[in-house]
Structures are given as C-alpha cells and as structure tokens.
There are 2 protein chains.
Amino acid sequence: MREYVLQIARQARETFYQIGQASTEQKNLALLSMAKALRGHASKILQANQRDLTAFDTTGKSQALRDRLLLNENRIEGMAQAIEAIASLPDPVGSGNYITKRPNGLRIERVRVPIGVIAMIYEARPNVTADAAALCLKSGNVAILRGGREALHSNLAIMEAIHQGLQEAGFPLHTVQYLEKVEHEVVDEMLQLAGLIDLVIPRGGESLIRSVTEKSKIPVIKHDKGVCHVYVDASADKNKAEAIVINAKCQRPSVCNAAETLLIHKDYPYRQDLIQALLDHNVKVIADEEIRKDFPNLQAATEDNWYTEYLDYIISVRVVDTLAEAIRHINTYGSHHSDAIVSESYGAVQRFLTEVDSAAVYANASTRFTDGGEFGLGAEIGISTQKLHARGPMGLESLTTEKWIVYGDGHVR
Amino acid sequence: MREYVLQIARQARETFYQIGQASTEQKNLALLSMAKALRGHASKILQANQRDLTAFDTTGKSQALRDRLLLNENRIEGMAQAIEAIASLPDPVGSGNYITKRPNGLRIERVRVPIGVIAMIYEARPNVTADAAALCLKSGNVAILRGGREALHSNLAIMEAIHQGLQEAGFPLHTVQYLEKVEHEVVDEMLQLAGLIDLVIPRGGESLIRSVTEKSKIPVIKHDKGVCHVYVDASADKNKAEAIVINAKCQRPSVCNAAETLLIHKDYPYRQDLIQALLDHNVKVIADEEIRKDFPNLQAATEDNWYTEYLDYIISVRVVDTLAEAIRHINTYGSHHSDAIVSESYGAVQRFLTEVDSAAVYANASTRFTDGGEFGLGAEIGISTQKLHARGPMGLESLTTEKWIVYGDGHVR
C-alpha cells in the first residue's frame, strides 16, 4: 500500500519538475484537448457511470447522493465547457506585483509560481475529477486525485479522457494521476508524504474535512462549514430585508453560503412581517424569547442553535438590542464565512463591514454570492474559511505560491 | 494552568475586536511611545537583564547563548530604533489589489486586514520581545509573547515599557500580553487554542520549531532550516564565483541563508583555485571523489552531507556533469530556501532561476541577501520555507489576511 502511494507521489514530483515551466499556450492546448476527449468519450463515461449507479442502488443510500453521482449527456457537456472556461482564464503563473532595484544594484522580483504537487480528495461527484484536473493543470501544478469509492468507474473513464487530452498536447500522463485503490489506508498513507506532496485540498462534507485535517502531515486548505448570518438593522428597507433574508435562506439551503441565523434589531419595525415571510416560504423558525412573544408556537432557540449549520429550510432568529450585539454574536457563534447587514445607515454599514471578522461581508446583498464565479474569479477551487494563504472564494491564484528572483552581477554582502 | 492560558487568550481575542480597526496614526503613535518608554526604562531593563545573566552564569551554557541574552545601552537603543523603523513603514491594513463591479451591479473589493491574535514563541534574545510586539501592533494584530525562560526578567522589564507606550497612546494593555508562567505546559495548552488564537510563529532553533509544529492545533508559519547552494556554472566568471562562494559561506556561517553546499560544473576551469580559496578561508571542505582526485586529503562526502546544514565553516562540494544535474541535486537535497547560480550564460541562468524550486533564487549574487531588509520589505518577521501563505522573507504584509467586502442594493441570486 505504502509502496503504491509512494510511487504515485514520486512520479508526480518528478513530473512537476518537467512541466512546471509549461507555457500558458501549452497548458491551454491540453485543456482544450481534454474537453474534446471528454465529449468523444461520452458514451464510455456514461456506461461506466451506469455501473456505478447500479452498484449504488443496492446500498439504499439517499436519492440526493445518487443525484450527485449521476452523469448524463448534459452533465458531460457541462464538464467539457467548464474546462474550456478554465482554458480561457488568465494564467496566474509568472505574474507579480513586487519588483524593486535595491541601492546596491540588486534587482529583485517576486513572481507567482505553481505550488507543486496537489492532492485533491473529494466525494461522490464525478465532475470534480475533470474540474480539479483542469484547475491544477492551468496553474502549472501536478495533481493526484482521489474521488469517492461510489464513483470509481465514472472517474476512471473520465481519467481516460483526461489522459488522452494530455497526450495529444505532449504532457506526461503523470501530470494527472488517480488513486485507484479503494482502501482507506491509501489516503492515510498519502497524507504522510510531506516533501513529495505540497498541498492537500479536501472537498466534501464536514467529516471528510475533519479526518483529512487531523491526519495530514501535508498543509491542508480547508473548505469548512458556513454558519452565515443576515443582520437586519433598525434602518433596514423592508423590501430589501425580506428579499435578502428569503434569498439567503431559501434559494439553495444545502450550500455553505446559505444563511443559518437571522439577527433583527429590536427597533426594526417590520419584524413580524419578516418572520411571517419565512414561515410562508416553509422555513422552520427557531426563535429567541423576544420573537416568541409574537409567535408563541415557534421552537425556542438554545445556545446550540446559534452554532448550527442546518443546510435546510430551518433558521435561528434572535432579536438584538444594538448593532454591537449583532457583531459580537456573529464573531462569537459564526464560522467567519459570509455575513450580511441590511441597513440604510451609512455608519451602521461601515461598522459592520469593518468589525465582522469573516471572509466575506455584505452590505444589502445576499450571502449566497460568496462564490468564485460571482466574485469574478472565473473558476473556483473552493471557499476557504481559514485566514492563512487563501480566504473566501479561491481562484486559480490560490493554487500558486511566490518565488523571489534576484539578479546580481557578483554581489556579496 | 489551562485557566491561566485560556484567560490570556480570551483577553487577547476580546482586545482584537476592539483594536483591529485602529488607524495607522494611532498605531504609529503607540509605537513611538513604546520606543520612548524603552529608552526611559533602560536602567530598569539592564538591572533585570543582570538578574537573568547572573542566573545564566550558574548553568555553564555556551558563551554564544550568553551573548544572545546580554543587553547593554547600545542594544536597547537598537531596539528603540527598530520600533521607530517599523512605525515609519507603510501600513498593509486596508490596502488591496482586487476591486471589481460585477455585471449585476455588485461592487466587490478584497482588502488586507489583520489576522487577529498572533502568538510568538521564541528563545533567549530579549530584543525579540520588542520587535514582535511592534510588528504585531503595526499590522493591527494582538500579540501573545512567550520568550525563553533565561530571559524572563529582561522580557518582563521590556513589557513594562511596551505597556507604558500602549497606555500613553490609549491602547488596552492586553494588546500585547506576555506568558509569564515558565512551565512548559503553558505553551502546550496555548497551542490547543485554535479559534481563540489565529496564528503561531515560532522563532528559534530546529527543535523549538519542530515541537511547536507537531503540537499545534493552530496554524503555524515556520522558519525552517536552510541548506543553501551555490552552483558555479562552466561559464562562470572566476572573480565573481570566488567572491560569491566565499561570501555565501564565510560572511556569517551561523545563519540560515549561508551556503552549505557548493556545486561545480565539470568544465569550470578554475575548480582548484576555488577549493583553495575556501581552504585559505579556513573552511573545512567535504568533497566528492572528483574533487578528491586533486585534494586527496579532504574528507569524503557521503549522502548525508548533501542534506546537512552545518551553520559553521564547513562546506560540502560536488562536481556535476550538467546544469540539469545541479538543478536536480538542489531540488532533491536542498531545503528550498535560497540557491544561487554563478554563470555568464543567459540560457543557464534563465533555466536555473525557473527550475530551482526555492523561495529565493539568485543569479550572480550571494545567498546571504535573503532577508526582509535586503529585499526592501523594511522589517522582517522571519523567513518562511513553506509554500503556503508566505514564502521567503516575511514583511508586515505576511501578518495580514484578506477580506472580501461586497456592496449591494438589495441584491439577491
């Protein structure tokens, strides 16, 4: 097992030193070849997916999981188009924003370079295989992929298309490798290989991310849970408040940038209408005592509710006396992901945007916009909830690091 | 013990939410007050330092360690001036380089903000106390400091000056706290407090850094060892090669950016002169078989030598057949810190700078320049050998993170 993983990691490292300097044109050519090969392999991929689905149906797991696993013509076309979109993005490698000539004549530049070997660990959705391969390739990195066991045949069929694309563009096949062995220990062994692998990115549920973070000796970029808030200020516009709260909670409740807690200033005059709007949208409201004076049938909130990511049509609601109390609540109970204020007060907005310690802070907009595409980054590798290296939506640049280049002419200290 | 650390961490977090928005002017005022207070407290600091030195003298440890611990009028003046220099640096907080208006009218900015609560763990040198406090304050962060036990009284006396400076500028004293309890468990407990503390920066020897990295549940930025190389190409200028090799090895052998390995192209015509120059500078040369044909008395290098950071007047030397072999040697055995090529060949230089996977790569200059001051960053928190968040010399910007700020007008998805 260890030998298997070690060999894959060594091949990856070796390949990185070969392809780290590939030009943007070469990389884009490979991406376009990959997209074409995906379309060409569509029927083989669908056959493989059928095998996965047949095996899945015997497990009695949820329909939502089955839907994530399912591929069809449209989804394969979507994968191909996503790769083409990545090809059209600017290449972060080689760009820089620090260049200086020192008094002694040394010329110093700091430029973006690929990180190296990146391992991606994810769950059932086979499209991540194509997506991750394309993002790593575009940023000059070498990828080791590991998808969920349920999607193995689909992923291997997609890998065939990826390899055909690489080959047509003259890239070594080890530029993207897939960990085929399904045993759990394969991943555990891989997470020990600091020095050969530079970065691990887990994508998936909380338990996957926690397990990878705890075991990894390699640096990890996490995409953690989102306990996002909407705070409705005393001065909030009624229509905007209602639209934003409903959108943040209901447009897609299963994702990390959906709102989980609503905070309402005690002097906001349309509190009852806002609660009623949530109820009209079939949202279960878990409320503090102040709200329950008007809606005595609502479930009473406990301390635990303020920490909870429901990912469902459920919301915790609390009335606050001041803006400061709202900010303190968000900084204490939130996950520092995405939080919004609805307010017509310049001062309240400025203070909220400054003092809330989150990756993304919003004035008069839904938290649902936290997304690489919506933020103009083109592609998204994930949404980081950590403060180091990358915070918030991660674009291609997050898959690069920096290098200092110094030009001298016999300079010594 | 746990309660003690927990209280300090909570006070720090609370203070961060108070002072994270301090203006540059306020922070600079506090820094200048701190510098003034240090000068005013000089005699008290020297008395405290005398206590530490007296206790140290009974331990029979090395003179070099004693020198690190020693303070005098000059060194205190140096500390004060270093703080004034930090006050004069540009403030990274609030700066940004991404601002966009999306097609739907959302205005999105990405700006630099303080990281939060930063714990610094270091060894005997008391000047780090003033330095770390100033760097954290300037970047809007709250600091928890923990110096070596040998320097406790000196550090506490310096803390008094720091607190006087904070007070005069209206900052809460908890902006900079010092862990006074000398027990080891205090640090171990602190390293568990992810969520309250955002970042740990260990500064010191390899064992301190390894211990912190292994125990910490909080993200760590490491300043690891430097196995730096100078590669002398076939086309190298004789004078430049000699000057750079001698400088990189001898100017200050005890630091991480000093050279530890010399690689010489087989066709470089002045190989014997270069080895002789090292010997003339009292450098112990540990050489491969090719070198030993001419210098049979030199110690023979083993595989281990290529990995070794001597931090002394010792160098490993190897003859390589090609530039590619030199690059492979550096990427395999090096620590990805700082590596130099001496060459008059445009092609060789370009290839070396691109393919060597290190934080800093040099053409015709000594590796000794890897330093925040030399690179124009003003102050330096350390030199990162990792690829995530910060790589190479870390300036104030490395003590900040990013935040996405979104301005809408009722926008929903």
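Keep in mind the model is a prediction, meaning the values are calculated, not measured.

Some details on the UniProt feature "domain: Aldehyde dehydrogenase" (unreviewed entry) in chain A
As annotated in UniProt, the feature "domain: Aldehyde dehydrogenase" (unreviewed entry) corresponds to residues 5–279 of chain A in the numbering used here. Segment residues 5–279 of chain A splits into 50% helix and 16% strand. End C-alpha atoms: 52 Å apart.

Points about the sheet that holds strand 5 (residues 176–178) of chain A
Residue and element names in this part refer to chain A. Spatially, four strands are ordered 5-4-3-6 in an open sheet, and the strand pairing comes out parallel. Unpaired on one side and paired on the other, strand 5 and strand 6 (199–202) mark the two borders of the sheet. Strand-to-strand, the axes of this sheet are offset by a mean angle of 20°, without reference to chain direction. The sheet contact formed by strand 3 (residues 117–121) and strand 6 spans four bridges and is parallel. By the bridge assignment for strand 6, Ala119 is matched with Val200. In this fold helix 6 (residues 127–138) packs onto strand 3, strand 4 (142–146) and strand 5, with an angle of close to 165° to the strand it touches most, strand 4. Packed onto the sheet, helix 9 (residues 206–215) meets strand 3 and strand 6 and runs at close to 160° relative to strand 6.

Describing the pattern of salt bridges
With the rule as written, the count across this model stands at 62 salt bridges over all chains. The shortest N-O distance in the salt bridge between Asp357 of chain B and Arg13 of chain A comes to 3.3 Å. Note that Asp357 of chain B is positioned in the loop between helix 15 (346–355) and strand 13 (360–365) and Arg13 of chain A in helix 1 (residues 2–19), a pairing that runs across two chains. A single burial state applies to Asp357 of chain B and to Arg13 of chain A, both of which are buried.

A short note on the packing of helix 2 (residues 24–40) of chain A against helix 7 (residues 152–168) of chain A
Residues and elements named next belong to chain A. Orientation of helix 2 relative to helix 7, taken along the N-to-C sense of each, is 140°, at an axis distance of 7 Å. Of the possible angle classes, the one that applies to helix 2 and helix 7 is oblique. In this structure, the crossing between helix 2 and helix 7 has a hand that is right-handed. Across from Ala30, Ser33, Met34, Lys36, Ala37 and Leu38 in helix 2, the residues of helix 7 making contact are Ile158, Ala161, Ile162, Gln164, Gly165, Leu166 and Glu168.

Let's talk about the packing of aromatic side chains
Centre-to-centre distance and the angle between the planes together describe a pair of aromatic rings. In this structure the tally under the stated criterion is 12 aromatic pairs over all chains. Look at Tyr98 of chain B and Trp404 of chain B: their rings are 5.5 Å apart centre to centre, the planes differ by 75°, and that puts the pair in the edge-to-face class. Residue Tyr98 of chain B is located in strand 1 (residues 96–101), and its partner Trp404 of chain B is located in strand 16 (residues 400–411); the two are separated by 306 residues in the primary sequence. Classification of Tyr98 of chain B by relative accessible area gives buried; the value is 18%. Ring geometry for Tyr231 of chain B versus Phe352 of chain B: centroids 6.3 Å apart, planes at 10°, classification stacked. With a gap of 121 residues between them, Tyr231 of chain B in strand 7 (residues 228–232) and Phe352 of chain B in helix 15 connect regions that are remote in the sequence. As far as the burial class goes, Tyr231 of chain B and Phe352 of chain B line up, both buried. Here the aromatic residues Tyr98 and Trp404 of chain A together with Phe375 of chain B are joined through ring pairs into a cluster of three or more. The ring of Tyr270 of chain A has Lys238 of chain A lying over it, and the distance from NZ or CZ to the ring centre is 5.7 Å. Positioned above the aromatic ring of Tyr407 of chain B, the side-chain terminus of Arg107 of chain B is 4.3 Å from the ring centre.

So, the interface of chain A and chain B
Facing 72 residues of chain A, the contacting portion of chain B comprises 72 residues. Roughly 5900 Å² is buried in total at the junction of chain A and chain B, and carbon and sulfur atoms are behind 51% of that figure. Seen at the junction of chain A and chain B, the total is 10 salt bridges. Close ionic contact of Glu374 of chain B with Arg413 of chain A constitutes a salt bridge, the shortest N to O distance being 3.5 Å. Linking chain A with chain B are 59 residue pairs in polar contact (both at pLDDT 80 or more), by the criterion used here. No other element matches strand 16 (residues 400–411) of chain A, which puts 11 residues into the side of chain A that touches chain B. With five bridges joining them, strand 16 of chain A and strand 13 of chain B adopt parallel strand pairing. Following the sheet pairing, Ile405 of chain A is matched in strand 13 of chain B by Val361 of chain B.

Here we look at the relation of the copies chain A and chain B
Taken as rigid bodies, chain A and chain B are interconverted by a rotation of 180° and an axial shift of 0.0 Å, the fit giving an RMSD of 0.1 Å. Viewed as a symmetry operation, the transformation between the two copies matches a two-fold axis. Looking at the rotation axis and the C-alpha trace of chain A, the residue lying nearest is His389 of chain A, at 1.8 Å. A shared binding surface is used by both copies, with 100% of the interface residues of chain A retained as interface residues in chain B.

Conventions used here
Residues numbered from 1 in each chain as written. Chains lettered and ligands numbered in written order. Predicted model: local features only at pLDDT ≥ 70, side-chain atom pairs only at ≥ 80, totals over all residues. Heavy atoms only, no water. UniProt positions renumbered as here; feature names shortened; annotations may be inferred. Helix = DSSP H or I, 4+ residues; strand = E, 2+ residues; numbered from the N terminus. Pairing = 2+ DSSP bridges. Axes fitted to C-alpha atoms, helices over the stretch in contact; angles between N-to-C directions. Contact = heavy atoms within 4.5 Å. Salt bridge = Lys/Arg side-chain N within 4 Å of Asp/Glu carboxyl O. Buried < 20%, exposed > 50% of the residue type's maximum accessible area, 1.4 Å probe, protein only. Parallel < 35°, antiparallel > 145°, perpendicular 65-115°, else oblique. Left-handed = near helix turned anticlockwise from the far one by under 90°. Phe/Tyr/Trp six-rings, centres within 6.5 Å; stacked < 30°, edge-to-face > 60°. Lys NZ or Arg CZ within 6 Å of the ring centre and 35° of its normal. Buried area = accessible area lost by both parts, 1.4 Å probe. Polar contact = N/O pair within 3.5 Å; in protein donor to acceptor, adjacent residues only side chain to side chain. Least-squares fit on C-alpha atoms with pLDDT ≥ 70 in both.

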